[in-house]
Amino acid sequence: MATMVGAPTIPSATGAQCTHCGLPTLGADTDDVPVFCCSACATAYALINAHGLGAYHRFSERRGAAVRPSGRGFSDFDHEAFQERYVTVDGDGQARVELALEGVHCASCVWLIERVPLLVTGVVRAELDVRQNRVSVTWDPSAAALSEIARTLDALGYTPHPYRGGERAAMRRRDDRAMLIRIGVAGAIATNAMLAAVALYAGELNTMDPASLTLFRWISLGLTIPTLVWPGRVFFTSAWAALRARTVHMDVPIALALAAATTRGTINTISGSGPIYFDGVCVLVFLLLVGRFLQARGQRAASDATEQLFALTPATARLIAVDGTTLEVPADAVSLGATIAVHAGETIPVDGEVMAGESRINRAILTGESTDVRVEIGDTVFAGTLNRSAALQVRVTASGDDSRLARILAQVDEGARRRAPVVLLADRLASRLVLVVLSLAAATFFLWLRRDATAAWDNTIALLISTCPCALALATPLAMSAAVGRAARAGIFVKGGDALESLSRPGWLVLDKTGTLTLGETTLVTWHGDDVLRPVILALEATSTHPIAAGFRRAWSAVPVATASSVEHTIGGGVAGVVNGHQIMLGSPNFIASKLPQMRQGERTTADEYTPVVIAIDGEIVGRASFGDAVRPDAAASLATLRTRGWKTILLSGDADAVSRRIGTSLGFAPDEIFAEASPEEKAKHVAALVVRAGGGKAPPCVAMVGDGVNDAAAIAAATVGIGVHGGAEASLATADVAMTREGLGALVALDAGARRSMSVIRRNIIWAFGYNAVGVGLAMTGHITPLLAAILMPVSSLTVVLASWFGHTFTPEPR
Amino acid sequence: MSVLFIVVPLALVIVGVALAGYLWAVRSGQMDDLETPGLRVLRDDE
């Protein structure tokens, strides 16, 4: 009667979709009865329905990820120190706070979060910013506590953190608005300059009376001057800065062309004859600003990086005074050697040594290890880790910036800052282009000078204008933002195009184990026993917060639950209780053996790193289960594909050597490609060493770090390109250049292919742009360029690049 | 064609008014979050 619940991968999902999150469950498909993948989803479902928000579950687009509440009490949100720092109270007594949320994904999230006022009485308004994952809550402090609001958001799966980047956000908003204003002004001027130009070109074909001609030429001049001194000024300041630093980038030839065209146009307007070029100049400024805006928007997402990381430790600590009373103090201000109290469910605010109590600690934030660790008197605990089960007293050994978490975060910051900027292909070409253009211009000038001085000036300026790298300057940002948009629809969020360019040069692919190659949670791997035992097991585990209990509930969420009485938990052992008059025991082989001395020795041993669980009824062993961290189902195939595409794969794990080697070898890593027992600091060092080995130069091979936890964040920041996998800690996703919302490692294969295709679109764009430039140079040098030709050549070359970028086949949408 | 001397500057004035409206919108923060308001109407109480 043995049933295998899947191979050592995930439990095979055969049944209905979870009513709340849409993930597969093991339950039967029924129309009327809701089925859930986990108890957290059931809680969220009940909460939503109890307040008449059942419409949420009729939306076709929902989370697509199980609710993972932190389960914290959020009592620190109510403390004075917290309120003083983050909450603003306006005149009529309403309080406002900005909270950074985890797990915000889609339109349905907006709907649900902004209906929090219906869920918690006293909340006046909740406004979400989807892009920033930030909600601004206005509430009446006399009617609701902030901790209650926080707990509700947490139960819905959106774990809140205080938002600490207010100043930086305000600065960025100012930059953004300035950029939008520049684009708006340049756009309005460009369209009107074009209208004037159309009149002039039409007038050239027929006859136009000289007065109208002069009018339109002066109007064009009048439009061009403001566009150059206001929105267009950025090109001149940036070109000047480059020249002063004795380098050349794209802005130098652009500024040169703009200046040449405007000077020539102004002279011709005043003299009343010859081409004026003003339409070209205005359109150029507008298009270049749009390109620059797209580029900046992508890069800014990447610079958001560490902001969310700061919200990981609580703002206050509970200090125990000499007389035994407790006192709330800001966590940064706790003095060394002081003793603080940490309640169950709270995040530990400082590094320290346990003085009293014993509990289980979840250290996933530092180690990536999903399993809780037992701590007792004398053990060291770290800031940011979660105290799961019982109250502790901790003597402070480091706080604030000295804590281990803060030091890792500082490393993340430094890694991000020190990272050499990727010199984009287009910029490398631009620096050569300037030299070519200048020598061609000189050649044209001197060749024509012998024949005709006026023609020499005309043709040289025509050459400078027609070689303006307008299309080239647009080629990269446009293709990048089109590719980034397509990637987002495919479930891959790329922050900044330089990541795509780097990824198109395969080098080393460094992977974390727990949570990246594996699922990262305690999963039911095997189950041998009668199916009728399932409701009984669930009855015993119903109230437990132990990961094994959660694992049972996740795997069997649709199985009915029996009723158990006199349930008794033994810490580190198991659970015992009575169901239908039978004595049931469930726990580790040692726990069962201690109760049943007759248990044979052979039955007590179990292989490898899986956690065994034994079930006994009335003193007889009737079933066995084992739990472990299962390898992602698509890991082996994805890694094999990536290796054939030229990536050298490296496994870098914080886990024990034996486990890492077994999983690594099974996934095809060579023995010298596996590095185990690496601390977050060592991981970062390892990756940094690889980056050095990859070398500097203009196009070094890419070192990509793939990880999921805060323990990988420093390594992710140190890599050329950091990649955060689906389901990872929000903090590591924030640090990464690429974040996946798509399950599994298949996304890596898609990313690799997409990056290559994006680069080929860019190369094609650059070839087009150069083609047009070559034609322009040819015509200008032979004196055949006419104003109309120049006016057609410039927008057509830009338009080609725009269309090629738009239709470039880069990322394919996620198969559904 | 002398009408051009009136209507072309008039057109530019109208552009100026539109531009002023745009600048006001940007400065008052209407362009700060272009994503959420769009999603908000999608799910407006069904």
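Thresholds, definitions, all that
- Residues numbered from 1 in each chain as written.
- Chains lettered and ligands numbered in written order.
- Predicted model: local features only at pLDDT ≥ 70, side-chain atom pairs only at ≥ 80, totals over all residues.
- Contact = placed C-beta atoms within 7 Å.
- Helix = DSSP H or I, 4+ residues; strand = E, 2+ residues; numbered from the N terminus.
- Pairing = 2+ DSSP bridges.
- Axes fitted to C-alpha atoms, helices over the stretch in contact; angles between N-to-C directions.
- Core = buried A, V, L, I, M, F, W, Y, C linked by C-beta atoms within 7 Å.
- Buried ≥ 20, exposed ≤ 12 C-beta atoms within 10 Å, placed from the backbone.
- pLDDT = per-residue confidence, 0-100.

Peer 1: Explain the interface of chain A and chain B here, please?
Peer 2: Much of the literature gives interface size as the accessible area that the parts lose upon coming together. Counting residues at the interface gives 22 residues for chain A, matched by 21 residues for chain B. Every element with two or more residues in the side of chain A that touches chain B is listed here: helix H3 (107–113), strand E3 (123–129), helix H6 (166–205) and helix H7 (210–229) of chain A. Ranked by residues supplied to the side of chain A that touches chain B, first place goes to H6 of chain A with eight residues.

Peer 1: Got a minute to help me understand the sheet that holds strand E27 (residues 738–740) of chain A in this structure?
Peer 2: The strands making up a sheet associate through hydrogen bonds between their backbones, and the pairing can be parallel or antiparallel. All names here are of chain A. As summarised here, the arrangement of the seven strands in space is E15-E27-E26-E25-E16-E23-E24, forming an open sheet in which the pairing is mixed. Only two strands of the sheet have a single neighbouring strand rather than two, namely strand E15 (492–494) and strand E24 (674–675). Summarising the sheet, E15 and E27 pair through three bridges and their orientation is antiparallel. Paired with phenylalanine 493 across the bridge in E27 is alanine 739. Helix H24 (residues 680–694) rests against strand E16 (508–511), strand E23 (648–652), E24 and strand E25 (703–707) of the sheet, and its axis sits at about 160° to E25.

Peer 1: Any chance you could explain the nonpolar core here in plain terms?
Peer 2: Soluble globular proteins tend to bury their nonpolar side chains together. Residue and element names in this part refer to chain A. In terms of nonpolar packing, the biggest core is built from 153 residues, with Cys282, Ala475, Ile492, Val510, Val687, Ala704 and Ala719 touching the most fellow members. Setting aside its immediate chain neighbours within four residues, valine 687 contacts Val510, Val703, Met705, Ala715, Ala718 and Ala719. Judged by nonpolar contacts, the second largest core, of 44 residues, contains Ile48, Phe77, Leu99 and Val104.

Peer 1: What is the right way to look at the pairing of strand E8 (residues 339–342) of chain A in this model?
Peer 2: The side chains of a regular strand alternate between the sheet's two faces. Residues and elements named next belong to chain A. Here E8 shows a clear split, with Ile340 and Val342 buried on one side and none of Thr339 and Ala341 buried on the other. Sheet topology places strand E6 (residues 316–320) next to E8; two bridges connect them, and they run antiparallel. The residue bridging arginine 318 from the neighbouring strand is alanine 341, located in E8. As paired strands, E8 and strand E14 (residues 392–398) are joined by four bridges and run antiparallel to one another. Opposite alanine 341, over in E14, you have glutamine 393 as the bridge partner.

Peer 1: Just to check I follow, could you spell out the sheet that holds strand E19 (residues 574–579) of chain A for this structure?
Peer 2: Residues and elements named next belong to chain A. Pairing within the open sheet is antiparallel, and its six strands lie in the order E17-E22-E21-E20-E19-E18. Either end of the sheet is taken by a strand with one partner, and the two such strands are strand E17 (523–528) and strand E18 (565–570). When strand polarity is set aside, the average angle formed by the axes of neighbouring strands in this sheet is 15°. Of the strand pairs in this sheet, E17 and strand E22 (residues 620–628) are connected by five bridges, and their pairing is antiparallel.

Peer 1: Where do I start with the confidence of the model for chain A in this structure?
Peer 2: Any residue range with low pLDDT should be treated as having predicted coordinates unsuitable for detailed reading. Residue and element names in this part refer to chain A. The predicted model of chain A averages 80 in pLDDT, with 85% of residues at 70 or higher. Taken element by element, chain A is modelled with least confidence in helix H21 (residues 601–604), mean pLDDT 48, and with most confidence in E16, mean pLDDT 93. Low pLDDT, under 50, characterises residues 1–14; the predicted model gives this stretch 31 contacts beyond four residues in sequence or across chains.

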